[in-house]
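So you can see what is in the structure, the chains are spelled out below.
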Amino acid sequence: MITIPYLTALTTYFSYGLLFAFGQLRDFFRKFIDWWKASNLQGYAPICLGLEDFYIRRLYLRIQDCFGRPIASPPDAWFDVVERVSNDNNKTLQRTTKISRCLNLGSYNYLGFAAADEYCTPRVTETLQRYSASTCSTRMEGGTTALHVELEQVVADFVGKPAAMVTGMGYVTNSAILPVLVKHGGLIISDSLNHNSIVNGARGSGATIRVFQHNTPSHLERVLREQIAEGQPRTHRPWKKIIVVVEGIYSMEGELCKLPEIVSICKKYKAYVYLDEAHSIGAVGKTGRGVCELLGVDTADVDIMMGTFTKSFGSCGGYIAGSKELIQYLKYTCPAHLYATSISPPAAQQIISAIKVILGEDGSSRGAQKLAQIRENSNYFRSELQKMGFEVLGDNDSPVMPIMLYNPAKIPAFSRECLKQNVAVVTVAFPATPLLLARARICISAAHSREDMVKALEVISRVGDLVGIKYFPAEPKKHELVEGREKVE
Amino acid sequence: MKYVKARPTTDLNRNTDWFTYPGVWTTYIFIIFFSWLLILSVSGCTPGMAWTIVHFSHFLVTYHFFHWMKGTPFAEDQGIYNRLTWWEQIDNGKQLTRNRKFLTVVPVVLYLIASHTTDYQHPMIFFNTVAVIVLVIAKFPNMHKVRIFGINGDM
C-alpha cells in the first residue's frame, strides 16, 4: 500500500494532463504541416498508426537522456558512464568520448559477481578457451556439452528440486514455457504486478488470464472460487488446469511475495503454483536459496520454480526447476530448448562457479560473507532513507528499494542531478509503472562498501531536498533530542 | 499534510488504470473550475457566458478524447484495444461503475450551471442542450461499441 500526499496526487494528474495537452497540440500542428508535404510512403501502409507512438514521441523523448545510458566498464559498485549530448532538444543523442566514474545504484548486481571475481573469472576464461564463446547449435543438435549437464544438476540441487532445465535468455524462459504448460481451455491467474515476460507468455499461450490484486491472498481465493465455479467462458466446462503465477521479489516494488498463504490456498483448490524468482534467487535466504528458504516454504509445495541468472550470478540465461517428469516433458516440447541456441559455455561456467562460491564449496567463506553483506547493506540503506523522510517501498531484507517520485518533472530532475554528482540511478515511469507512481529504483549490491552507501545517502538527501521528494517528516537525529533534554535540566 | 492510500488495481490496461487511483475526480473538477476563472480573467465576458464557453469546450475536449480517439498511446499491449474508445476501455468494459456514473453526471451539472447563469437565453441554451444530449447519449450502456452509420468505425 503506497501512501501519497493528496496534494501530490492532484499536482501529478495536472502535470500529466498538461504534458498530454501540449503533446496533442504539437501533433495537431504536425498533422497540419505534414498535410502540405508530399508523403514518402509510395503507397505502403504506415508502420505506426500515428497514435500508438504518442507516448514515445511526446513524453519519453523529452527526457530520453535519463534512460539507456551507455556504460564503459563492468557494472561493479563504481562504473564508467559515457556522456551524451543532444543538439536537437533530446530527439537524438550522440555519444561523446568523455566518461564519468559514477556510483552504481541501478545494476542487478546483488552479490557482486558482475565484476571480475577471484574464483569465477579464471575458470570462465579457461572455459572460453576450451569450449569457445558459443555452442553454435541448439540443445537438441550439437549444443549440449558436459558443462550444460553439470549446470542443470547444480541448479537443481541449489534450488532444491529434483531436476532443472536451463535456457539462454531469462525473458524467453517465461514467454516460451507458459505456452507449453497451459493451452486454450486452461486458466492462468497472475498477480497484477507481474513482469512483462509473464504477461507476454500468458497472452501467447491462448489460455484465459485472470488477475488478482497484488499480494492479496484473500482476493486470490475469491478469484479462484469464482473461476472454478464458473468454468470456461461460454461453455462453462471445467478448466483443463489452473496455474497461479507469482514472483518472489517484485522488481518494481521490492516486496516479498506472501508465499505461505498463497501456496496453502492453491493446495486447497488444487491449482499449480509457478514461482518466478528472478530477483530473489541468490539474494535472499540464509544460504541464498531464495524466497522459499526465507519464508519457510517447502520447495516440494511449489510446482514450478523459475529464475534467471542475470541478477545474483552475474551471467545470463534462465532456468526452470521442477519434478523429473515435468523437466523431461519440457525438454521434448519447449521451443526455448528445441530451437534456441543453448546457453554460452563461459556464461554457464560463471553460473557454476558463482553457485560454488555461494555454497562455500570453493573453500572460502566469501559466499556467506556476501549474503550477510547484502542483507546488512539493504537494511541499513532502507532504514537510513526512511529516516530522512523519503517514501521507500519494499520489505526488509529485500535489496530492491524504489523511492517514490510521483510528479513527472521530478523524474528527469532527480536523474540528472544525481548524475551530476556522480551517482547513477535508474528511474521508472509510465507505462512500466502506474501513471501516478513514478519512482527511482535503487538496487543495492554486496559490493557496495559502507563509504559508498554513506556517499550515496548524502547525494540522495541533497538531491531529494532540491527536487522535493521527502514526502514524510524526517526523524529527528538522536543527539538533537539529547541536547534538548539537557537544556531543560 | 493529508495522505491517501493507493491500492494497486487489477486493471491491466495502462491507458485507463490511472482513473482508479485517488485524486482524479478532484483534479477534474479543479481543472474545470480554474478554466472558468481563466476564461473570465482573459476575456471580459459575463460569468454566464464564461460558463457556456467552459461547458462547450468541455464538450469538445471530452468528446474527442473519450468517444472519438481509439486505442492506447503506447504500443506495448499489441493493439488489443485498437477498436475501443477510452470510454469503452475503462473499468474493463463493465458498465455503470462509480467512475462512469461520475463522468456522466459532470456534463449534466455543467449544463445546469451554464443554463442557469445565462438565464436560459437563446442562442446559448441551444448549443448547451445539444452538447449535453450528445455527451450523455454517448455514455449510455446501450451505446457500448455502437458506431452509428459506421462513423468512427475501423479503418
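In this text, all values refer to a predicted model and were calculated from it rather than measured experimentally. (Residues numbered from 1 in each chain as written. Chains lettered and ligands numbered in written order. Predicted model: local features only at pLDDT ≥ 70, side-chain atom pairs only at ≥ 80, totals over all residues. Heavy atoms only, no water.)

**Observations regarding the overall build of chain A**
Part 1 of the argument: In terms of regular secondary structure, chain A is built from 16 helices and 14 strands.
Part 2 of the argument: Against the compact-globule benchmark of 23 Å for 489 residues, chain A has a radius of gyration of 25 Å, which places it among compact chains.
Part 3 of the argument: Overall, chain A is about 75 × 65 × 55 Å in size when its C-alpha atoms are taken along their principal axes.
Part 4 of the argument: Among the 489 residues that make up chain A, the fraction classed as buried is 53%.
Part 5 of the argument: Put simply, 70% of the contacts in chain A that link residues at least 6 apart link residues at least 24 apart.
Part 6 of the argument: Accessible surface, chain A as shown: approximately 22500 Å² in total, 56% of it carbon and sulfur. (Helix = DSSP H or I, 4+ residues; strand = E, 2+ residues; numbered from the N terminus. Rg over C-alpha atoms; globule rule 2.2 N^0.38 Å. Buried < 20%, exposed > 50% of the residue type's maximum accessible area, 1.4 Å probe, protein only. Contact = heavy atoms within 4.5 Å. Areas by Shrake-Rupley, 256 points an atom, 1.4 Å probe, with all protein chains shown as cover.)

**Quick look at the packing of helix α2 (residues 47-68) of chain B against helix α5 (residues 124-138) of chain B**
Residue and element names in this part refer to chain B.
Part 1 of the argument: Where α2 meets α5, the axes come as close as 10 Å, and the angle between the chain directions of the two elements is 30°. Classified by the interaxial angle, the pair formed by α2 and α5 is roughly parallel. Note on packing geometry: the crossing formed by α2 with α5 is left-handed. From α2, Met-49, Thr-52, His-55, Phe-56, His-58, Phe-59, Thr-62, Tyr-63 and His-67 reach across to α5, where they touch Met-124, Phe-127, Asn-128, Ala-131, Val-132, Val-134, Leu-135 and Ala-138.
Part 2 of the argument: Each residue belonging to the contact of α2 with α5 can be placed in one class, and the counts come to 11 nonpolar, six polar and no charged. (Axes fitted to C-alpha atoms, helices over the stretch in contact; angles between N-to-C directions. Parallel < 35°, antiparallel > 145°, perpendicular 65-115°, else oblique. Left-handed = near helix turned anticlockwise from the far one by under 90°. Nonpolar A, V, L, I, M, F, W, Y, C, P; charged D, E, K, R; others polar.)

**A closer look at the interface of chain B and chain A**
Part 1 of the argument: In this assembly, 35 residues from chain B lie in contact with 37 residues from chain A.
Part 2 of the argument: Between chain B and chain A, roughly 3300 Å² of surface is buried when both sides are summed, and carbon and sulfur atoms account for 66% of that area.
Part 3 of the argument: Counting across the interface, chain B meets chain A through zero salt bridges.
Part 4 of the argument: Contributions of two or more residues to the side of chain B that touches chain A are made by β1 (3-6) and α1 (24-42) of chain B.
Part 5 of the argument: The element contributing the most residues to the side of chain B that touches chain A is α1(B), with five residues. (Buried area = accessible area lost by both parts, 1.4 Å probe. Salt bridge = Lys/Arg side-chain N within 4 Å of Asp/Glu carboxyl O.)

**Concerning the sheet that holds strand β6 (residues 208-212) of chain A**
Residue and element names in this part refer to chain A.
Part 1 of the argument: Spatially, β4-β10-β9-β8-β7-β5-β6 is the arrangement adopted by the seven strands of the open sheet, whose pairing is mixed. Single-partner strands in this sheet number two, and they are β4 (163-167) and β6. Neighbouring strand axes in the sheet, compared pairwise and without regard to direction, differ in orientation by 20° on average.
Part 2 of the argument: Two strands pair when backbone bridges link them, and strand β5 (residues 187-191) and strand β7 (residues 242-247) are joined in this way by four bridges, in the parallel orientation. (Pairing = 2+ DSSP bridges.)

**A word on the environment of Arg289(A)**
Residues and elements named next belong to chain A.
Part 1 of the argument: Considering the arrangement of structural elements, one finds Arg-289 in the loop between β8 (272-276) and α9 (291-295).
Part 2 of the argument: With relative accessibility at 27%, the residue Arg-289 sits in the partly exposed group.
Part 3 of the argument: For the pair Arg-289 and Ala-347, spaced 58 residues apart in sequence, the C-alpha separation works out to 20 Å.
Part 4 of the argument: Excluding residues within four positions of it along the chain, Arg-289 makes contact with Asp-157, Phe-158, Glu-277, Ile-281, Val-284 and Leu-359.
Part 5 of the argument: In this structure the side chain of Arg-289 is engaged in a polar contact, spanning 3.3 Å, whose partner is the backbone oxygen of Asp-157.
Part 6 of the argument: For Arg-289, the side chain forms a polar contact with the main-chain oxygen of Phe-158, separated by 3.0 Å. (Polar contact = N/O pair within 3.5 Å; in protein donor to acceptor, adjacent residues only side chain to side chain.)

Functional significance is not addressed by these values, which are geometric in nature.
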